[in-house]
Amino acid sequence: MRETAVLERLKQGYTTGARTLASRSIVGLARTRITPNALTTAGVSLCLAAAVLVYFENHDELLFYWLGAFVFVVGSILDVARAGGKTTPFGSFLDSTTDRVGEGAMLGAIALIFSRHGNEVALGAAVAAIAGSFLVSYTRAKAEALGLRGDVGFGSRAERVVAITAGLVLAPWGVLPWAIYLLTATAWLTVLQRILFVRKQLAERK
């Protein structure tokens, strides 16, 4: 119990720090006439472009993996629904939706790479990672729709972005499959954690 609490505090600490850094990195844009929705569109476009770049790793692993990782990180930090004090209900909804599109595209590209290399185990893990990452977001949204908390677990978007980016950077040395295995495991563990947490909250209401 104590170890779980410590890990949760660490997670909250670095997640908050990452969001603060991301917000500061685009605060200049947020203060201009560029709208939050335009930044959201730019972010998802960059993530889609990153997925395309990564797919061409067979031409030059180091170039396309690293370039794809860089573009993916830039696209991921454009979290405009929270930036610059311009939050709107639709902006928040659009931001959350496009997050799933960008992440799903990158994981899909990685799955195609595993298929190209004949790694069926990693391919299956990538498909499971897509489903798991979507369910992580869905379980939180469903819990909050019921008036409950659903933000527990260690496989939130920040962690998934870190895992994908690290896997891409180290992909030329065979690390990408292991990064996807880790992402898949943490995503599904988070789904289970959130299901149990929602059940606990509902039981306490009785």
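Residues numbered from 1 in each chain as written. Predicted model: local features only at pLDDT ≥ 70, side-chain atom pairs only at ≥ 80, totals over all residues. Heavy atoms only, no water.

As a further point, take the nonpolar core. Within the largest apolar cluster, 25 residues are counted, with the highest numbers of intra-cluster contacts made by Met106, Ile110, Ile164, Leu168, Leu176 and Ile180. At the level of secondary structure, the elements contributing two or more residues to this core comprise helix H3 (36–55), helix H4 (61–76), helix H5 (89–116), helix H6 (120–145), helix H7 (157–169) and helix H8 (176–205). Of the residues forming this core, the biggest block, six residues, is contributed by H5. With near-sequence residues (within four places) excluded, isoleucine 180 lies in contact with Leu107, Ile110, Phe114, Ala125, Ala126 and Ala129. (Core = buried A, V, L, I, M, F, W, Y, C linked by side-chain atoms within 4.5 Å. Buried < 20%, exposed > 50% of the residue type's maximum accessible area, 1.4 Å probe, protein only. Helix = DSSP H or I, 4+ residues; strand = E, 2+ residues; numbered from the N terminus. Contact = heavy atoms within 4.5 Å.)

Between its first and last C-alpha atoms H7 spans 18 Å; for 13 residues at 1.5 Å apiece the expected length is 18 Å, and the two agree. Among the residues making up H7, those that are buried are Arg157, Glu159, Arg160, Val161, Ala163, Ile164, Thr165, Gly167 and Leu168. (Expected span 1.5 Å × (residues − 1).)

What follows covers the packing of H3 against H4. Where H3 meets H4, the axes come as close as 8 Å, and the angle between the chain directions of the two elements is 165°. The angle between the axes of H3 and H4 places the two elements in the roughly antiparallel class. The way H3 lies across H4 gives a crossing that is left-handed. Across the interface between the two elements, Gly43, Leu46, Cys47, Ala50, Leu53 and Val54 from H3 touch Phe64, Tyr65, Leu67, Gly68, Val71, Phe72, Val74, Gly75 and Ser76 from H4. (Axes fitted to C-alpha atoms, helices over the stretch in contact; angles between N-to-C directions. Parallel < 35°, antiparallel > 145°, perpendicular 65-115°, else oblique. Left-handed = near helix turned anticlockwise from the far one by under 90°.)

On to the pattern of salt bridges, then. For the structure on display, the rule yields six salt bridges. A salt bridge links glutamate 57 to arginine 116; its shortest N-O distance comes to 2.6 Å. Of this pair, glutamate 57 sits in the loop between H3 and H4 while arginine 116 sits in helix H5; the two residues are 59 residues apart in sequence, bridging distant segments of the chain. Glutamate 144 serves as the salt-bridge partner of arginine 140, at 2.9 Å between the closest nitrogen and oxygen. Of this pair, arginine 140 and glutamate 144 are both found in helix H6, four residues apart, which corresponds to roughly one turn of the helix. Residue glutamate 144 is classed as partly exposed on the basis of its relative accessible area of 44%. Members of the salt-bridge network, linked through shared partners, are Asp99, Glu103, Arg157 and Arg160. (Salt bridge = Lys/Arg side-chain N within 4 Å of Asp/Glu carboxyl O.)

Moving on: the environment of valine 127. Its location among the elements puts valine 127 in helix H6. Owing to a relative accessible area of 49%, valine 127 belongs among the partly exposed residues under this scheme. Considering only alpha carbons, one finds valine 127 and leucine 107, 20 residues apart in sequence, at a separation of 7.7 Å.

Let's shift gears to the side chain of arginine 157. Among the structural elements, arginine 157 can be located in helix H7. The exposure class assigned to arginine 157 is buried, which follows from its relative accessible area of 15%. Here the side chain of arginine 157 touches serine 76 through a polar contact of 3.5 Å, side chain to side chain. Apart from residues no more than four positions distant in its own chain, arginine 157 is found in contact with Ser76, Asp99, Arg100 and Glu103. (Polar contact = N/O pair within 3.5 Å; in protein donor to acceptor, adjacent residues only side chain to side chain.)

Here we take up the environment of isoleucine 180. Turning to its location among the elements, isoleucine 180 is positioned in helix H8. Here the alpha-carbon distance between isoleucine 180 and alanine 129, two residues 51 residues apart in the chain, equals 7.1 Å.

On to a nonpolar patch on the surface. A grouping of Leu62, Trp66, Val169, Leu170 and Trp173 is seen on the molecular surface, where their side chains present a nonpolar patch of about 490 Å² in accessible area. As for its position among the elements, tryptophan 66 is in helix H4. Judged by relative accessible area, which is 41%, tryptophan 66 ranks as partly exposed. (Patch = residues over 30% accessible without salt bridge, like charges linked within 9 Å, V, L, I, M, F, W, Y side chains within 5 Å. Areas by Shrake-Rupley, 256 points an atom, 1.4 Å probe, with all protein chains shown as cover.)

Given two aromatic rings, their pairing is described by the distance between the two centres and the angle made by the two planes. All chains considered together, the criterion is met by four aromatic pairs. By way of ring pairs, the aromatic residues Tyr55, Phe56 and Phe64 are connected into one cluster. Over the face of the ring belonging to tyrosine 55 we find arginine 116, whose NZ or CZ atom lies 4.3 Å from the ring centre. (Phe/Tyr/Trp six-rings, centres within 6.5 Å; stacked < 30°, edge-to-face > 60°. Lys NZ or Arg CZ within 6 Å of the ring centre and 35° of its normal.)

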